[in-house]
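# Structure assessment
Below, each chain spelled out in residue letters.
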Amino acid sequence: MDLLTNETEEIIAHQEMIMQLRNRIEEILKNYRPVMNGEIYLSGEDVCRLLHISKRTLQQYRDDNILPYIQIGGKIIYKETDILTVLEQNYITNDRHCF
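The rules behind these values
- Residues numbered from 1 in each chain as written.
- Predicted model: local features only at pLDDT ≥ 70, side-chain atom pairs only at ≥ 80, totals over all residues.
- Heavy atoms only, no water.
- Patch = residues over 30% accessible without salt bridge, like charges linked within 9 Å, V, L, I, M, F, W, Y side chains within 5 Å.
- Areas by Shrake-Rupley, 256 points an atom, 1.4 Å probe, with all protein chains shown as cover.
- Salt bridge = Lys/Arg side-chain N within 4 Å of Asp/Glu carboxyl O.
- Helix = DSSP H or I, 4+ residues; strand = E, 2+ residues; numbered from the N terminus.
- Buried < 20%, exposed > 50% of the residue type's maximum accessible area, 1.4 Å probe, protein only.
- Phe/Tyr/Trp six-rings, centres within 6.5 Å; stacked < 30°, edge-to-face > 60°.
- Lys NZ or Arg CZ within 6 Å of the ring centre and 35° of its normal.
- Polar contact = N/O pair within 3.5 Å; in protein donor to acceptor, adjacent residues only side chain to side chain.
- Contact = heavy atoms within 4.5 Å.
- pLDDT = per-residue confidence, 0-100.
- Pairing = 2+ DSSP bridges.

### A look at a nonpolar patch on the surface
- Where nonpolar side chains cluster on the molecular surface, the patch consists of Met 17, Leu 21, Ile 25, Leu 29 and Tyr 32 and spans about 550 Å² of accessible area.
- Following the sequence through the fold, Leu 21 ends up in helix α1 (residues 9-31).
- The exposure class assigned to Leu 21 is exposed, which follows from its relative accessible area of 52%.

### Concerning the packing of aromatic side chains
- Taken as a whole and assessed by the stated rule, the structure comprises 1 aromatic pair.
- Taking the centre distance of 6.4 Å and the plane angle of 55° together, the rings of Tyr 69 and Tyr 78 count as tilted.
- The partly exposed category is assigned to Tyr 69, whose relative accessible area is 37%.
- Here Tyr 78 falls in the buried class, since its relative accessible area comes to 1%.
- Seen from the ring of Tyr 69, Arg 62 lies directly overhead, with NZ or CZ sitting 5.7 Å from the centre.

### A few points about the side chain of Glu 39
- By secondary structure assignment, the location of Glu 39 is in strand β2 (residues 39-43).
- At a separation of 2.9 Å, a polar atom in the side chain of Glu 39 contacts the side chain of Thr 81.
- Non-local contacts of Glu 39, meaning those with residues more than four positions away in its chain, are made with Pro 34, Lys 79, Glu 80 and Thr 81.

### Topic: the confidence of the model for the chain
- Per-residue pLDDT for the chain has a mean of 88; in total, 95% of the residues score no lower than 70.
- At the level of individual helices and strands, the chain shows its lowest average pLDDT in strand β1 (residues 35-36), which scores 76, and its highest in helix α3 (residues 55-63), which scores 97.

### Some details on the pairing of β2
- Note: β1 against β2, 2 bridges, orientation antiparallel. If you follow Met 36 over to β2, its bridge partner there is Glu 39.
- Linking two consecutive strands that pair antiparallel, namely β1 and β2, is a turn of 2 residues; a positive phi of about 55° is found at Asn 37 within it.
- Looking at chain direction, β2 and strand β4 (residues 75-79) are connected through 3 bridges and run antiparallel. Following the sheet pairing, Tyr 41 is matched in β4 by Lys 79.

### Focus on unusual backbone geometry
- For His 52, which is not a glycine, the phi torsion comes out positive at approximately 60°.
- Looking at where His 52 falls in the secondary structure, it is placed in the loop between α2 (44-51) and α3.
- Look at His 52 and you get exposed, because its relative accessible area is 73%.
- Despite not being glycine, Asn 65 shows a phi value in the positive range, around 55°.
- Structurally, Asn 65 is set in the loop between α3 and β3 (70-72).

Okay, here's the thing in structure tokens:
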């Protein structure tokens with residue numbers, strides 16, 4: 001029976017595998033959004049990142065009633081399905097034909 005140390009190839013391979021799994025789990029947890037009653041709720045930061053807009057633009061969308069939101073105390077959240085619905089409703093196709 002061989003002595004296994006931190007320098008043994010087998011141990012090094014296992015340590016690398018563990019680090020890869022750890023990094024993957026951290027990445028999943030960073031992007032994880034819990035589901036409540038089948039609905040995913042997003043923070044303003046999430047929506048800004050999703051739509052590639054600034055916080056100011058998001059505020060303007062709320063002020064102009066473009067995006068529905070929920071406000072509880074000082075916290076504002078958005079239903080993911082509401083965001084997707086607004087995107088679908090504002091989808092513009094290019095039906096013009098070039099000749």
